[in-house]
Amino acid sequence: MSDSSALRAQLTSLLGSDTVRTDAAEVAPYLVDHRSLYHGRALAVLLPREVEQVVRIIEWCNEHRVGLVPQGGNTSYCGGATPDESGQQLLLSMRRLNRVRAVDADNFSMTVEAGCVLAQVQQAAAAAERFFPLSLGSEGSCQIGGNLATNAGGLNVVRFGMARELVLGIEAVLPNGALLNGLKSLRKDNTGYDLKDLLIGAEGTLGVITAASLKLWPQQKSSATALIGINAPEQALALLGLLRSSAGERLSSFELMPRAAMELTTRHIEGVIDPLGTPYAWYVLCELTSAAAEALPELLQQMLEQAAEAGLLQDATLANSERERTALWRIRENIPESQRRAGASLKHDIAVPAMATCTSISATKAMAMPKSSWRRSP
């Protein structure tokens, strides 16, 4: 028996054949990234159903010095969830560790396992008349464990912050197999070091997240969404300031997109159209939300009128229905998929101060700013 076969046999004895998968056809989908750029091999694919199994897996890997690659929904664009080509690493899939353990509506919190798909978390919160604000284009397939391991931002980061700010407590298995049970749901906790902040954003290097206690908010009862055409990022920065000053915490989303993004989505994604018709160098997709029943479309319209008078936008359209809102968000959410269909592309996730972005772009290209006009959707 080869060394690899012997290791697989040990794992099967330790975990059971239902957890250890080695059939080539069955493991193949786990060994390639979302964009099909990275192809790896694995000693086995492990699919635990219980946290205790994750503990045993990591203890075993530590004892035998075997590399472990955690994988959530496998929606990454950077290949971080794909094993290398050696065939000596184990791939740990969290997809079966997917229970919603508890929802505490009174405390505005919930506890979920790492393999829960993000949309499942959102739905569980909504069923309790609560709102979980993390939202991504891949929310139908990405997993909350991966969201936390990468400290995801998402579409509502302007108002609710990064994934780290949505977490009350963490359960994780550390590299030596020790279980860190930090599933607190306290809002005020001054007991010392906050170890969850080390694990969130660590991408599995300091431990494998197995569950988390998450913050919830009241359900959002009103919203207003607009797509805005502008000529330069400087306009976007000034517009952001105007909206934040006037709308306060109601401003939940503010996404800046270049013309190339609009061209890619309208060309490669069926049913996506440019609602403004006239091409602009840049676009802003913004949204106001509130837990109260407020007249947000009217408020957003007034702010856009002010922005137009100040020369901060060239054109805009407001969504008059949920169907129109969904159509606007389809543009933003399908940018990655349209890039994939278009061919090779570079992927990055870089954050810099807003003014630094404007200065850098303006230094490379001066943009004209014609007279402003805007309209509401007919």
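Check the entry above for the structure.
Below, the structure is looked at part by part. (Residues numbered from 1 in each chain as written. Predicted model: local features only at pLDDT ≥ 70, side-chain atom pairs only at ≥ 80, totals over all residues. Heavy atoms only, no water.)

## Quick word on the overall build of the chain
Along the chain, the regular secondary structure elements total 13 helices and 15 strands. For a compact globule of 378 residues, the expected C-alpha radius of gyration is about 21 Å, and the chain comes in at 23 Å, within 12% of that figure. Overall size of the chain, expressed as C-alpha extent along the three principal axes, is 75 × 50 × 35 Å. Once local pairs closer than 6 in sequence are excluded, the contacts in the chain between residues at least 24 apart make up 73%. As displayed, the chain has an accessible area near 18100 Å², and 51% of this comes from carbon and sulfur atoms. Across the chain, 35 positive and 39 negative side-chain charges occur, with their mean positions spaced 1 Å apart. (Helix = DSSP H or I, 4+ residues; strand = E, 2+ residues; numbered from the N terminus. Rg over C-alpha atoms; globule rule 2.2 N^0.38 Å. Contact = heavy atoms within 4.5 Å. Areas by Shrake-Rupley, 256 points an atom, 1.4 Å probe, with all protein chains shown as cover. Lys, Arg positive; Asp, Glu negative; His and termini not counted. Charge placed at Lys NZ, Arg CZ, Asp CG, Glu CD.)

## A few points about the sheet that holds strand E6 (residues 109-113)
The five strands lie next to each other as E5-E6-E10-E8-E9, forming an open sheet whose pairing is antiparallel. Where the open sheet ends on each side, the last strands, each with one partner, are strand E5 (100-104) and strand E9 (179-182). Direction aside, the axes of adjacent strands within the sheet are offset by 15° on average. Pairing geometry for E6 and strand E10 (residues 208-215), over five bridges, is antiparallel. Each residue of the ladder has a partner; that of Ser 109, found in E10, is Lys 215. In the packing of helix H4 (residues 118-127) onto the sheet, the strands contacted are E5, E6 and E10, and the crossing angle to E6 comes to about 145°. (Pairing = 2+ DSSP bridges. Axes fitted to C-alpha atoms, helices over the stretch in contact; angles between N-to-C directions.)

## Description of the state of the cysteines
Per the counting criterion, the structure on display carries zero disulfides. Lacking any disulfide linkage, Cys 78 is separated from the closest cysteine sulfur, that of Cys 142, by 15 Å. (Disulfide = S-S within 2.5 Å.)

## Concerning the pattern of salt bridges
Under the definition given, this model contains 19 salt bridges. Residues Glu 337 and Arg 341 are paired through a salt bridge, measuring 2.9 Å at the closest nitrogen-oxygen approach. Of this pair, Glu 337 and Arg 341 are both found in helix H12 (residues 335-342), four residues apart, which corresponds to roughly one turn of the helix. Since its relative accessible area comes to 17%, Glu 337 is described here as buried. Classification of Arg 341 as partly exposed rests on a relative accessible area of 48%. (Salt bridge = Lys/Arg side-chain N within 4 Å of Asp/Glu carboxyl O. Buried < 20%, exposed > 50% of the residue type's maximum accessible area, 1.4 Å probe, protein only.)

## Brief notes about a nonpolar patch on the surface
A cluster of nonpolar side chains, contributed by Tyr 193, Leu 195, Leu 198 and Leu 206, occupies part of the molecular surface with about 490 Å² of accessible area. Looking at where Leu 206 falls in the secondary structure, it is placed in the loop between helix H7 (196-199) and E10. A residue is classified by how much of its surface remains accessible, and Leu 206, at 42% relative accessible area, is partly exposed. (Patch = residues over 30% accessible without salt bridge, like charges linked within 9 Å, V, L, I, M, F, W, Y side chains within 5 Å.)

## What about the pairing of E6?
One face of the sheet, then the other: side chains in a regular strand alternate in exactly this way. Of all five residues in E6, five are buried; the element is thus mostly enclosed. Alternating positions in E6 separate into two faces, Ser 109, Thr 111 and Glu 113 on one and Met 110 and Val 112 on the other, with burial throughout. Between the end of E5 and the start of E6, which pair antiparallel, lie four residues, with Phe 108 showing a positive phi angle near 50°.

## Considerations on the environment of Ile 58
With respect to the helices and strands, the residue Ile 58 is situated in helix H3 (residues 51-64). With relative accessibility at 6%, the residue Ile 58 sits in the buried group. Counting along the chain gives 34 residues from Ile 58 to Leu 92, while the straight-line C-alpha distance between them is 9.7 Å. Filtering out sequence-adjacent residues up to four positions away, Ile 58 remains in contact with Leu 68, Val 173, Leu 174, Pro 175, Gly 177 and Val 208.

## Structural notes on the environment of Ser 321
You can see Ser 321 is positioned in the loop between strand E15 (315-318) and helix H11 (322-333). For the pair Ser 321 and Val 55, spaced 266 residues apart in the sequence, the C-alpha separation amounts to 49 Å. Within the structure, Ser 321 has its side chain in polar contact with the backbone nitrogen of Glu 324 (distance 3.2 Å). (Polar contact = N/O pair within 3.5 Å; in protein donor to acceptor, adjacent residues only side chain to side chain.)

## Notes on the side chain of Asp 315
Note that Asp 315 resides in strand E15. You can call Asp 315 buried: its relative accessible area is 5%. Polar contacts involving the side chain of Asp 315 include one to the side chain of Tyr 280, which spans 3.5 Å.

## With respect to the pairing of strand E14 (residues 282-290)
Of all nine residues in E14, nine are buried; the element is thus mostly enclosed. Here nine bridges tie strand E12 (residues 222-230) to E14, and the two strands are oriented antiparallel to one another. Paired with Thr 225 across the bridge in E14 is Glu 287.

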